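Descriptive analysis of the structure
Single-letter residue listing:
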Amino acid sequence: MKTLLIKYKAVIKFIFKFLLVYIGFSLLYSWYLHVSDGSKFYPDYVTNLVSIQTEAIIDALGYNSEVQPHPEEPSMKVIVNGNYLGRVIEGCNSISVIILFVSFIIAFSGTFKITFLFLLSGSVLIYVVNLLRIVLLSLGLYHYPEKQHVFHTVVFPAIIYGMVFLLWIFWVNRFSKIRRTHG
């Protein structure tokens, strides 16, 4: 048993750090959602911000868009040229994906400065790509409503999770301590 622990020390350390960071940030995010009562920013600040930014980008692309609080659930309705296309829910705001990204990077951390800069730039990139993903999904649904299932369940999740996976690969191959000790 001791031999196995020594042999797989790096793997065990990675899993432990990943789970510790992931659970910690998930609990913090859950607390944030719990205290967000939606009275000022509905349903919560980040989801509201993503919705407003989605509206601004769609408008900038020449469409007439509007986001408004959904009357029956904690989400924002996305309306383009008078057509209700979908809703932005808490799960669409990219925070859960960023928590997953951050947990992996910290578990494979490099030097503090490089790790911090990569976490910051990667998180911003994930947020922006997610925002553009929502815009493209909305416009895709506007022009091709019959493709809703493919857009929402295949194409657009592949974009965001594929990008996170590529960021992880880039990180491990370029900056993590693992690369320097085993590569």
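Residues numbered from 1 in each chain as written. Predicted model: local features only at pLDDT ≥ 70, side-chain atom pairs only at ≥ 80, totals over all residues. Heavy atoms only, no water.

**A short note on the sheet that holds strand 1 (residues 65-69)**
With respect to topology, three strands assemble into an open sheet ordered 1-2-3, the strand pairing being antiparallel. Either end of the sheet is taken by a strand with one partner, and the two such strands are strand 1 and strand 3 (83-89). For this sheet, the mean inter-axis angle between neighbouring strands, taken without regard to orientation, is 25°. Where strand 2 (residues 75-80) meets strand 3, six bridges bridge the pair, whose relative direction is antiparallel. Paired with S75 across the two strands is I89, which belongs to strand 3. (Pairing = 2+ DSSP bridges. Helix = DSSP H or I, 4+ residues; strand = E, 2+ residues; numbered from the N terminus. Axes fitted to C-alpha atoms, helices over the stretch in contact; angles between N-to-C directions.)

**Looking at the packing of helix 4 (residues 95-107) against helix 5 (residues 112-143)**
Look at helix 4 against helix 5: their axes get within 10 Å of each other, and the N-to-C directions meet at 160°. By the angle class used here, helix 4 and helix 5 are roughly antiparallel. Relative to helix 5, the crossing made by helix 4 is right-handed. On helix 5, the residues touching V97, I98, F101, V102, I105 and I106 of helix 4 are T115, F118, L119, G122, S123, I126 and Y127. When its residues are assigned to classes, the contact of helix 4 with helix 5 shows ten nonpolar, three polar and no charged. (Parallel < 35°, antiparallel > 145°, perpendicular 65-115°, else oblique. Left-handed = near helix turned anticlockwise from the far one by under 90°. Contact = heavy atoms within 4.5 Å. Nonpolar A, V, L, I, M, F, W, Y, C, P; charged D, E, K, R; others polar.)

**Considerations on the nonpolar core**
Grouped together as the largest cluster of nonpolar side chains are 35 residues, with contacts concentrated most on V50, F101, F104, I105 and I126. Going through the elements one at a time, helix 2 (9-35), helix 3 (45-60), strand 2, strand 3, helix 4, helix 5 and helix 6 (148-174) are the ones with two or more residues in this core. In terms of residue count, the dominant contributor to this core is helix 5 (nine residues). Dropping the residues within four chain positions of it, I126 is found in contact with S94, V97, I98, F101, I160, M163, V164 and L167. (Core = buried A, V, L, I, M, F, W, Y, C linked by side-chain atoms within 4.5 Å. Buried < 20%, exposed > 50% of the residue type's maximum accessible area, 1.4 Å probe, protein only.)

**Examining helix 4**
Taking 1.5 Å of rise per residue, the 13 residues of helix 4 would be expected to cover 18 Å, and the 18 Å separating its terminal C-alpha atoms lies within 8% of that figure. Those residues of helix 4 not exposed but buried are V97, I98, I99, F101, V102, S103, F104, I105 and A107. Buried-residue contacts for helix 4 involve helix 2, helix 5 and helix 6. (Expected span 1.5 Å × (residues − 1).)

**Considering the environment of H70**
Examined against the element boundaries, H70 turns out to sit in the loop between strand 1 and strand 2. Its relative accessible area of 12% is what places H70 among the buried residues. Separated by 28 residues in the primary sequence, H70 and Y42 place their C-alpha atoms 9.2 Å from one another. In this view, H70 contacts Y42, S75, M76, K77, Y84 and R87; residues no more than four positions away in its chain are not counted. Engagement of the side chain of H70 in a polar contact is seen with the backbone nitrogen of E73, the distance being 3.5 Å. (Polar contact = N/O pair within 3.5 Å; in protein donor to acceptor, adjacent residues only side chain to side chain.)

Take it as geometry only, folks, not as evidence of what the structure does.
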